[in-house]
Amino acid sequence: STAGVNQVRASTVEGSQADFESTGEAFKVDQLASAWGMGCGLVSGAVWCWNFSGPGDPPSRNPGWGQLSRAPTLVDDTHEFIDLAVMGGAVCALDIQHTVWCARSGEQSLVLQSGLPLMRSIASSPDGFGFLSDELCGLAEADSTAWCWVYGGAGVQLPRSPAFIKLWMDPGIACGLRVDSTAACWGSGPLGDGTTGASDTAVAVSGGHRFLELALGVAVGSAGACGRTTTREIWCWGSSGSSPDVLTPIFLESNSYGVGMTDNVIASYSFGQSMNQWWWLGATKSVMRVGRGLEDLPVKGFSTNNSPSCVHLVDRQVYCWDIMWDQTSRIPTETYSPVQPVRSLP
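All residue numbers refer to position in the chain's written sequence, counted from 1. The predicted origin of the model limits local features to residues at a pLDDT of at least 70 and limits the giving and counting of side-chain atom pairs to 80 or more, whereas totals for whole chains, interfaces and linings rest on all residues. No hydrogens and no water enter the side-chain calculation; it runs on all heavy atoms of the structure.

**Student:** How would you sum up the packing of aromatic side chains? Please name residues and give values.
**Tutor:** For any two aromatic rings, the description comes down to two numbers: the centre-to-centre distance and the angle of the planes. In this analysis, rings of Phe, Tyr and Trp, with Trp reduced to its six-membered ring, are considered paired at centre separations within 6.5 Å, and the interplanar angle assigns stacked below 30 degrees, edge-to-face beyond 60, and tilted for intermediate values. The full count for this structure, using the stated rule, is five aromatic pairs. Judged by centre distance (5.9 Å) and plane angle (45 degrees), the rings of Phe 211 and Trp 237 are tilted. Here Phe 211, found in strand β19 (residues 211–219), pairs with Trp 237, found in strand β21 (residues 234–239); they are 26 residues apart in sequence, far enough to count as distant. Across the pair, exposure class does not vary: Phe 211 and Trp 237 are buried alike. Per the convention used, a helix needs a DSSP run of H or I reaching at least four residues, while a strand needs a run of E reaching at least two, with both numbered from the N terminus. For the exposure calls, accessible area comes from a 1.4 Å probe over protein chains only, and a residue counts as buried if that area is under 20% of its type's maximum, exposed if over 50%, partly exposed in between.

Rendered as structure tokens:
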């Protein structure tokens, strides 16, 4: 399971022996999505998925192969896919004809998702709590309005949806970038507009910040959002558990080349450098320990939904991990394990 030269020696009690050697190539993806212990990637238009924690097994053309496995399994190479979303043990992919195909954990193939217009992009929850919802959202090809749907159900257009250039979502909250790079959110409040109320239509995030990307995270009793601006600053808003709600964006970090969020954990990195993680506690942040093995890896970006549960390296390798809680101190310890290649399929 290790990239590079692998060697094994077999011997008999009589003293004879034989050495075997094989070179493993690291699994690399063109696009990455992850949530709730499952990751998926696009490799030359084909969908591959793997587990790095959690129950069940990923969708796979070869059922049973890869259960609770870090080894990627092929899901579909019969279409040319251009976008990818993962949520709660399911995966959806957008093909070159702009139609959406989905599969749940344990299923053998992607199925056409009906009741949607042609889509130009799709988005899903990055959170560990994403298994509570099978909802996805995406942008219509014709007018860039937001549509959302539950796995296997018909799509519904967001009322009075503005034209967005990209979406991010989590259970209970979703946000999008408008053409002027300002953000608008809907769902459970606070939504960054200075109020605490929920909204079923998109409301503008206050401050007039010009964002490059957003990241959302929902934990028990909280729902936060962060945005990375054109000046590489991170601004956050929303509910952060026991801390007071942040009704409008507050400044938290500078010189960031990427932002990710899951639950109330925020991650940031500098291009070509390793990732840093910290707790968002409302107006403050608390630094987390970065697990061994990730300190010196050149990070290119997080998953497409900006989940920091998996990172995409500059050379297209993928690293994923699971946060395991110390129930006494509430200090997370991280385990980082590289996603390794499937050399051959049965």
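**Student:** Help me get a handle on the sheet that holds strand β17 (residues 183–187), residues and values and all.
**Tutor:** Here, a strand pair is defined by DSSP locating no fewer than two bridges between the strands. Sheet architecture is open: four strands sit in the order β15-β16-β17-β18, paired in antiparallel fashion. This sheet does not close on itself; its edge strands, each paired only once, are β15 (164–170) and β18 (199–204). Each strand axis lies, on average, 20 degrees off the axis of its neighbour in the sheet, ignoring direction. The pairing of strand β16 (residues 173–178) with β17 spans five bridges and is classified as antiparallel. For Cys 175, the partnering residue across the bridge sits in β17 and is Cys 185. To get an axis, fit a line to the C-alpha atoms, keeping to the stretch in contact for a helix; angles then go from 0 to 180 degrees between the N-to-C directions.

**Student:** Go over the pairing of strand β1 (residues 4–11) with me, naming the residues and quoting the values.
**Tutor:** Judged by how many residues are buried, β1 sits mostly at the surface: zero of eight residues are covered. Bridge count for β1 against strand β2 (residues 17–24) is eight bridges, and the pairing is antiparallel. Bridge pairing in β2 places Arg 9 opposite Asp 19. The turn linking β1 back onto β2 is made up of five residues, and Gly 15 within it adopts a positive phi angle of 110 degrees.

**Student:** Talk me through the state of the cysteines; I want residue IDs and the actual numbers.
**Tutor:** Cysteine sulfur atoms are paired as a disulfide whenever they come within 2.5 Å of each other. In the structure shown here, the tally under the stated rule is five disulfides. Across the disulfide, Cys 137 is cross-linked to Cys 148 (sulfur-sulfur distance 2.0 Å). On the sign convention where negative means left-handed, the S-S torsion of about 95 degrees between Cys 137 and Cys 148 marks this disulfide as right-handed. One end of the pair, Cys 137, is in strand β12 (residues 135–140); the other, Cys 148, is in strand β13 (residues 146–150), and 11 residues separate them in sequence. Between the sulfur atoms of Cys 226 and its disulfide mate Cys 236 the distance is 2.0 Å. The chirality of the disulfide connecting Cys 226 with Cys 236 is right-handed, given an S-S dihedral of about 100 degrees.

**Student:** Account for the environment of His 98, with residues named and values stated.
**Tutor:** Checked against the element boundaries, His 98 lands in the loop between β8 (90–95) and β9 (100–104). Sequence separation between His 98 and Ile 82 is 16 residues; the distance between their C-alpha atoms is 8.5 Å. We call two residues in contact whenever any of their non-hydrogen atoms come within 4.5 Å of each other. Not counting residues within four places of it along the chain, the set of residues in contact with His 98 comprises Ile 82, Pro 117, Leu 118, Met 119, Arg 120 and Glu 141.

All we've got here are geometric facts, nothing functional implied.
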